[in-house]
Amino acid sequence: GDLDVFYPDSETPWPEAGCTNTRPLPSGRPIYDTMLECCNAQYGGQISGACISMLPSPPTASPTESGDLDVFYPDSETPWPEAGCTNTRPLPSGRPTFDTMLECCNAQYGGQISGACISMLPSPPTGSPT
């Protein structure tokens, strides 16, 4: 039978590639518990959506593509002292993700003297206790 883990298909060109659990597991490949985890980690920036489309119950493109992401990631395009976290699509490949904007700010911009990231929160804390 198939493996209990999924790994990226490095034989196929990246834009068309997906994840597989076919034996044998090639040495040195990263492995994931689910096909979705593998797709998100290895093919997150894939415009074609090829990997996601191979899932047993693939999500449809329309509702997924509109609105914001369910996770936040650091805005690496903005200089660090002014940067914050965002959940704007698409998620750039290789960025760490966080469940909340606050978690992202604390992890990525904790030493930010300007407080720029924290000030972007929907309800930012004030400088002094209320």
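Residues numbered from 1 in each chain as written. Predicted model: local features only at pLDDT ≥ 70, side-chain atom pairs only at ≥ 80, totals over all residues. Heavy atoms only, no water.

1. Side note on the environment of Pro 90
Checked against the element boundaries, Pro 90 lands in the loop between β4 (85-86) and α4 (101-109). Counting along the chain gives 22 residues from Pro 90 to Asp 68, while the straight-line C-alpha distance between them is 8.7 Å. (Helix = DSSP H or I, 4+ residues; strand = E, 2+ residues; numbered from the N terminus.)

2. Some details on the pattern of salt bridges
All told, the structure shown has two salt bridges when counted by the stated rule. With a closest N to O distance of 3.1 Å, Arg 29 and Glu 11 form a salt bridge. Of this pair, Arg 29 sits in the loop between β2 (19-20) and α1 (35-43) while Glu 11 is found in the loop between β1 (7-8) and β2, placing the two residues 18 residues apart along the sequence. For Arg 29, a relative accessible area of 19% corresponds to the buried category. (Salt bridge = Lys/Arg side-chain N within 4 Å of Asp/Glu carboxyl O. Buried < 20%, exposed > 50% of the residue type's maximum accessible area, 1.4 Å probe, protein only.)

3. Examining α1
Three or more residues of α1 are buried, namely Met 35, Cys 38, Cys 39 and Tyr 43. The arc that holds every buried residue of α1, seen down its axis, measures 100 degrees, which confines them to one face. Packed against the buried residues of α1 are β1, β2 and α2 (50-53). (Arc of directions from axis to C-beta. Contact = heavy atoms within 4.5 Å.)

4. Section: the confidence of the model for the protein chain
Per-residue pLDDT for the protein chain averages 86, and the proportion of residues at 70 or more is 89%. Ranking the elements of the protein chain by mean pLDDT puts helix α3 (residues 61-65) last with 47 and β1 first with 95. (pLDDT = per-residue confidence, 0-100.)

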